[in-house]
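Structural description and commentary
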Amino acid sequence: MIRVGINGYGTIGKRVADAVRDQPDMEVVGVAKTRPNFEAERAVARGYDLYAAIEDRASQFADAGIETAGLVDELVAQSDVVVDATPSGIGAQNKELYEEYDTPALYQGGEDADVADVSFNARGNFDDARNADHVRVVSCNTTGLSRLLAPLREEYGVEKARVTLVRRGGDPGQTSRGPIDDILPNPITLPSHHGPDVNTIFPDLDIDTLGLKVPATLMHMHSVNVTLESEPSADDVRDLLEGESRIFCIPPEFDIDGTGKLKEYAKDLGRPRGDVWENGLWSESVTMEGNDLYLFQAIHQESDVVPENVDAIRAVTDSMDGAESIETTNSALGI
Ligand code: NAD
């Protein structure tokens, strides 16, 4: 069993903890948080050992009636791998701690790429992360784009990708984020950081990205144009994408007209927290004009990186090859 510690138990961390616990070859050593709140209360209720991430604040947990198992250092010492799911920028600060205990660590997409030896997407570059000590699982949007571009590159070749990302203003729990009533070009300058981030997975890919932010919390939406190096039919492309386990091609007869219904479908499926781990790609939107492919896909920012973190744990421990890991993760989660 691979012993996994999770440092940072928020939106991503709590989902990764549950997904790790569901795997046949992994166990959760514990989770670390800076301060008591409802997520800390739930972590203990779910049976996770809770570690205090900051020594000076450790007594706050006892004051709130929440039992802790020790300090984060002890969690790191006992873990074969640590998943750092702390807020952007904190992961880089924690790197020293992981190095001190010689514990391989995964970081999240909010960190700069240079925090790690390699940026990771299971479908895109699993092997690059084998036995690496520091791996960054790319952001939700980069994950969604990598999953889409990997099969297109392999099957048809990609001359150039152009993607407009309509991004949710904040997660449902992020009450301080916005915009509330606006549409922001964000960033205003081009390209947005997403294109260069996809290049951390596919260095030779020609990709331009534009970002916007809108008053929504459920999911991101990508409007995609990929100029292919060959001219398959739209049906061929649809068949190819339907064969990808982490792309859900939304059938027209489901009458899912947006992210709201897609999330509702995930809840009807009984998915934990209504999570949509796969790209939600509208089958009907897949269109070919010459060698230009067009489509829409939705990305559930809170959960699509979760199976990728699980696969990255197997990559750094070199315990399975990529295809076997993806299959194992999918089968344990119900993807
Ligand atoms: P979050 O704020 O929901 O959770 C972060 C958790 O870390 C909180 O529980 C916080 O209390 C805790 N924390 C803060 N400082 C800490 C420290 N020093 N040590 C240990 N724990 C600490 O954040 P999130 O949305 O889960 O994001 C985590 C990372 O994942 C970021 O890099 C982010 O960019 C990335 N990410 C987020 C999303 C998303 O949409 N939420 C999607 C993909 C990637």
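Residues numbered from 1 in each chain as written. Predicted model: local features only at pLDDT ≥ 70, side-chain atom pairs only at ≥ 80, totals over all residues. Heavy atoms only, no water.

On to the UniProt feature "domain: Glyceraldehyde 3-phosphate dehydrogenase NAD(P) binding" (unreviewed entry) in the protein. UniProt tags residues 2-140 as "domain: Glyceraldehyde 3-phosphate dehydrogenase NAD(P) binding" (unreviewed entry). When the span residues 2-140 is considered, its composition is 34% helix and 24% strand, and the gap between its end C-alpha atoms is 25 Å. (UniProt positions renumbered as here; feature names shortened; annotations may be inferred. Helix = DSSP H or I, 4+ residues; strand = E, 2+ residues; numbered from the N terminus.)

Moving on, we come to helix α7 (residues 140-155). Its 16 residues place the ends of α7 24 Å apart at the C-alpha level, agreeing with the 22 Å of an ideal helix rising 1.5 Å per residue. For α7, the tally of buried residues reaches 13 of 16 residues, placing the bulk of the element in the interior. Phi turns positive one or two residues past the end of α7, at Gly157, with a value near 80°. (Expected span 1.5 Å × (residues − 1). Buried < 20%, exposed > 50% of the residue type's maximum accessible area, 1.4 Å probe, protein only.)

Moving on, we come to the packing of helix α1 (residues 11-21) against helix α11 (residues 306-317). At a minimum axis separation of 9 Å, α1 and α11 run at an interaxial angle of 55°. In terms of axis orientation, α1 runs oblique to α11. You can see that α1 and α11 cross each other, and the crossing is right-handed. Contacts between α1 and α11 involve Arg15, Val16, Ala19 and Val20 from the first element and Val306, Asn309, Val310 and Ile313 from the second. (Axes fitted to C-alpha atoms, helices over the stretch in contact; angles between N-to-C directions. Parallel < 35°, antiparallel > 145°, perpendicular 65-115°, else oblique. Left-handed = near helix turned anticlockwise from the far one by under 90°. Contact = heavy atoms within 4.5 Å.)

Right, let's talk about the UniProt feature "active site" (unreviewed entry) in the protein for a bit. Here, the residues flagged by UniProt with the feature "active site" (unreviewed entry) are Cys140. Within the element layout of this structure, Cys140 appears in helix α7. In this structure, Cys140 is in contact with His220, Ile299, Gln301, Asp304 and Val305, ignoring residues within four places of it in sequence.

On to the side chain of Ser139. Its location among the elements puts Ser139 in the loop between β8 (134-137) and α7. By relative accessible area, which is 16% here, Ser139 ends up buried. Side chain to side chain, Ser139 and Thr142 meet in a polar contact 3.1 Å long. In this view, Ser139 contacts Gly109, Asp197 and Val305; residues no more than four positions away in its chain are not counted. (Polar contact = N/O pair within 3.5 Å; in protein donor to acceptor, adjacent residues only side chain to side chain.)

Let's shift gears to the sheet that holds strand β4 (residues 70-71). The strand order β4-β3-β2-β1-β5-β6-β8-β7 describes an open sheet built from 8 strands, whose pairing is parallel. The sheet terminates laterally at β4 and β7 (118-120), the two strands that pair on one side only. Here strand β1 (residues 2-7) runs beside strand β5 (residues 81-84); their pairing, made up of 4 bridges, is parallel. For Gly5, the partnering residue across the bridge sits in β5 and is Val82. (Pairing = 2+ DSSP bridges.)

Turning to the site of the ligand, a few remarks are in order. Lining the immediate environment of the ligand, one finds 20 residues, of which Thr11, Ile12, Lys33, Arg168 and Asp171 sit closest. Ile12 is positioned such that a nitrogen or oxygen atom in its backbone is 2.9 Å from an oxygen atom of the ligand. One of the side-chain nitrogen or oxygen atoms of Lys33 is found 2.8 Å away from an oxygen atom of the ligand. Expressed as a share of its isolated accessible area of 820 Å², the protein-covered part of the ligand is 83%. (Near = heavy atom within 4 Å. Areas by Shrake-Rupley, 256 points an atom, 1.4 Å probe, with all protein chains shown as cover.)

Turning next to the environment of Ala323. The residue Ala323 is located in helix α12 (residues 322-333) in this model. Through-space distance from the C-alpha of Ala323 to that of Ala122 is 8.6 Å; in sequence the pair is 201 residues apart.

Under the counting rule described, the total for this entry stands at 6 aromatic pairs. Both rings, one in Tyr9 and one in Tyr48, keep their centres 6.2 Å apart while their planes meet at 65°; by these two values the pair is edge-to-face. Pair noted here: Tyr9 is in the loop between β1 and α1 and Tyr48 is in the loop between α2 (38-45) and β3 (50-52), with a separation of 39 residues, a long-range link. This pair shows no difference in class: Tyr9 is buried, exactly as Tyr48 is. By way of ring pairs, the aromatic residues Phe248, Phe254 and Tyr265 are connected into one cluster. (Phe/Tyr/Trp six-rings, centres within 6.5 Å; stacked < 30°, edge-to-face > 60°.)

What follows covers the state of the cysteines. Per the stated rule, a full pass over the model turns up 0 disulfides. Of all cysteine sulfurs in the structure, the one in Cys249 sits closest to Cys140, which takes part in no disulfide; the separation is 20 Å. Residue classification places Cys249 among the buried positions, given a relative accessible area of 10%. (Disulfide = S-S within 2.5 Å.)

What follows deals with the domain arrangement of the protein. When its domains are assigned, the protein resolves into domain 1 (2-138 + 305-333) and domain 2 (140-299). Of note, the centres of domain 1 and domain 2, computed from C-alpha atoms alone, are 26 Å apart. Taken together, the 24 residues of domain 1 in the interface contact 19 residues of domain 2. The contact between domain 1 and domain 2 buries some 1,700 Å² in all, and 47% of this surface belongs to carbon and sulfur atoms. When the buried area of domain 1 at its contact with domain 2 is split by residue, Arg15, Arg123 and Val138 rank highest and sum to 34% of it. Where domain 1 touches domain 2, the interface holds 8 salt bridges. (Domains from an automatic or database assignment. Buried area = accessible area lost by both parts, 1.4 Å probe. Salt bridge = Lys/Arg side-chain N within 4 Å of Asp/Glu carboxyl O.)

In this model, Gly178 is joined to Pro179 through a cis peptide bond whose omega is 10°. Tracing the backbone through its elements, the reader meets Pro179 in the loop between β9 (158-168) and β10 (184-185). Cis geometry marks the peptide bond from Asn186 to Pro187, where omega comes out at 0°. Here Pro187 lies in the loop between β10 and α8 (194-198). The residue Asn131 is not glycine, and still its phi comes out positive at about 65°. A positive phi is found at Asp318, a non-glycine position, where the angle reads about 50°. Summarising the element assignment, Asp318 is placed in the loop between α11 and α12.

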